[in-house]
Amino acid sequence: IDLIIQQVGRISTIIRSLLQYSRPGEFNAPLEMHQITPIIEEMQLLVRHSLGKQEVVLLPELNASYPVQVNRPQLLQVLINLVVNAAHAMDGKGRIWIRTYDWVEQDEPVGIKIEIEDEGSGIPQEQLSRIFDPFYTTRKDGTGLGLSLSYGIIKRIGGTIEVSSTLGKGTQFTVSIYHMAKEDQSGPYDGLLFG
C-alpha cells in the first residue's frame with residue numbers, strides 16, 4: 001500500500017511537471033536541504049519493480065556527504081527517469097552504476113554530483129543533441145518527456161545534466177547540483193553538455 005501511495009505521488013508529480021513545463025512561471029516547487037543517499041535509496045526501491053522483469057543489477061557507490069537544496073519528489077523523478085532509461089538501453093540484462101560524490105572546486109565544497117552509467121547500446125551522435133527535446137523518443141512506448149522534464153527540473157535549481165555515450169559500450173549521465181540552489185537565469189539549453 002505504501003508503494004501504491006508513493007507511485008500515485010509520482011503520477012501527481014509527473015502531471016505537475018507537465019503543467020510546470022507548459023507554464024513554468026505558475027509553479028514553484030518548495031526547495032529544502034536534503035542528503036542525497038536516502039533519495040537514491042528510495043529511488044532504488046521504486047525502480048525495483050520496473051527492473052524486476054529484466055536482469056538488471058544496480059551497483060550503488062554512494063559517497064556524497066554534502067546536503068543540497070532540492071525538491072525531493074522532483075529529484076526522485078529525475079533519478080527514476082535516468083535509471084529506467086538506462087535499463088531500457090540495455091534491452092535485457094546488464095549493470096547500472098549509480099555513483100554520488102562531493103563536488104569540490106579549489107578545496108571549497110560546491111555541491112554534489114550523481115553519475116548514472118549503463119552498459120547499453122549507446123546513443124548515436126546525431127541523436128545525442130536531441131534527447132532532451134520534448135516529445136523526442138526512440139522507444140515505441142515512450143512519451144519523449146522524461147529527459148526533457150528531468151533537464152528542466154535540474155536547470156531550475158541552477159544545476160546541469162551532462163551526457164557522454166559510446167556506441168556499443170554505454171552511456172553516462174552526470175547530474176551536478178549546487179549546495180544552495182541557484183535561480184536559473186540561462187537560456188533553454190545552457191548547462192547542457194554532450195560528450
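Here the structure is a predicted model, which means the values were calculated and not measured.

Parameters at a glance
Residues numbered from 1 in each chain as written. Predicted model: local features only at pLDDT ≥ 70, side-chain atom pairs only at ≥ 80, totals over all residues. Heavy atoms only, no water. Helix = DSSP H or I, 4+ residues; strand = E, 2+ residues; numbered from the N terminus. Buried < 20%, exposed > 50% of the residue type's maximum accessible area, 1.4 Å probe, protein only. Contact = heavy atoms within 4.5 Å. Areas by Shrake-Rupley, 256 points an atom, 1.4 Å probe, with all protein chains shown as cover. Salt bridge = Lys/Arg side-chain N within 4 Å of Asp/Glu carboxyl O. Axes fitted to C-alpha atoms, helices over the stretch in contact; angles between N-to-C directions. Parallel < 35°, antiparallel > 145°, perpendicular 65-115°, else oblique. Left-handed = near helix turned anticlockwise from the far one by under 90°. Nonpolar A, V, L, I, M, F, W, Y, C, P; charged D, E, K, R; others polar. Expected span 1.5 Å × (residues − 1). Bend = angle between axes of the 7 residues up to and from the residue. pLDDT = per-residue confidence, 0-100. Phe/Tyr/Trp six-rings, centres within 6.5 Å; stacked < 30°, edge-to-face > 60°. Lys NZ or Arg CZ within 6 Å of the ring centre and 35° of its normal.

1. Remarks on the overall build of the protein
Argument step 1. Of regular secondary structure, the protein possesses five helices and eight strands.
Argument step 2. For the protein, the α and β elements follow one another from N to C terminus as α-β-α-β-β-α-β-β-α-α-β-β-β.
Argument step 3. Out of the 195 residues in the protein, the part that is buried amounts to 42%.
Argument step 4. Look at the contacts in the protein between residues 6 or more apart in sequence, and 75% of them connect residues 24 or more apart.
Argument step 5. Just so you have it, the protein exposes about 10,500 Å², and 53% of that area is on carbon and sulfur atoms.

2. Focus on the pattern of salt bridges
Argument step 1. Taken as a whole and judged by the stated rule, the model has five salt bridges.
Argument step 2. Note that Arg 95 and Glu 119 form a salt bridge whose closest N and O atoms lie 3.0 Å from each other. Note that Arg 95 is positioned in strand β4 (residues 93–105) and Glu 119 in the loop between β5 (108–118) and α4 (125–128), a separation of 24 residues in sequence.
Argument step 3. Here Glu 119 falls in the partly exposed class, since its relative accessible area comes to 31%.
Argument step 4. Bridged by salt links that share partners, the residues Glu 61, Arg 99, Glu 115 and Glu 117 form one connected network.

3. Focus on the packing of helix α2 (residues 36–52) against helix α3 (residues 72–90)
Argument step 1. Two elements in contact, α2 and α3, have axes whose closest approach is 9 Å; the angle formed by their N-to-C orientations is 45°. With respect to α3, the element α2 is oriented oblique. Note that α2 runs across α3; the crossing there is right-handed. Seen from α2, the contacting residues are Ile 36, Pro 38, Ile 39, Ile 40, Glu 42, Met 43, Leu 46, Val 47 and Leu 51; seen from α3, they are Arg 72, Leu 75, Leu 76, Leu 79, Ile 80, Val 83, Val 84 and Ala 87.
Argument step 2. Each residue belonging to the contact of α2 with α3 can be placed in one class, and the counts come to 15 nonpolar, no polar and two charged.

4. Let's talk about α2
An α-helix turns once per 3.6 residues; consequently, residues spaced three or four apart project the same way.
Argument step 1. Over its 17 residues, α2 extends 24 Å from the first C-alpha to the last, a length consistent with the 24 Å expected when each residue adds 1.5 Å.
Argument step 2. The largest bend along α2 measures about 35° and falls at Leu 46.

5. Quick notes on the side chain of His 34
Argument step 1. Note on placement: His 34 falls in strand β1 (residues 32–34).
Argument step 2. Non-local contacts of His 34, meaning those with residues more than four positions away in its chain, are made with Ile 39, Pro 67, Val 68, Val 70 and Arg 72.

6. Considering the confidence of the model for the protein
Argument step 1. Per-residue confidence for the protein averages 78 on the pLDDT scale, and 76% of its residues sit at or above 70.
Argument step 2. For the stretch residues 185–195, pLDDT sits under 50, and the model shows 26 contacts to residues farther than four places along the chain or on other chains.

7. Concerning the packing of aromatic side chains
Argument step 1. Applying the stated rule across the entire model yields one aromatic pair.
Argument step 2. Taking the centre distance of 4.8 Å and the plane angle of 40° together, the rings of Trp 103 and Tyr 178 count as tilted. Of this pair, Trp 103 sits in strand β4 while Tyr 178 sits in strand β7 (residues 170–178); the two residues are 75 residues apart in sequence, bridging distant segments of the chain.
Argument step 3. Trp 103 sits in the buried class, given a relative accessible area of 11%.
Argument step 4. Of the residues examined, Tyr 178 reaches a relative accessible area of 22% and is grouped as partly exposed.
Argument step 5. Above the plane of the ring of Trp 103 lies Lys 113, whose end atom (NZ or CZ) is 4.5 Å from the centre.

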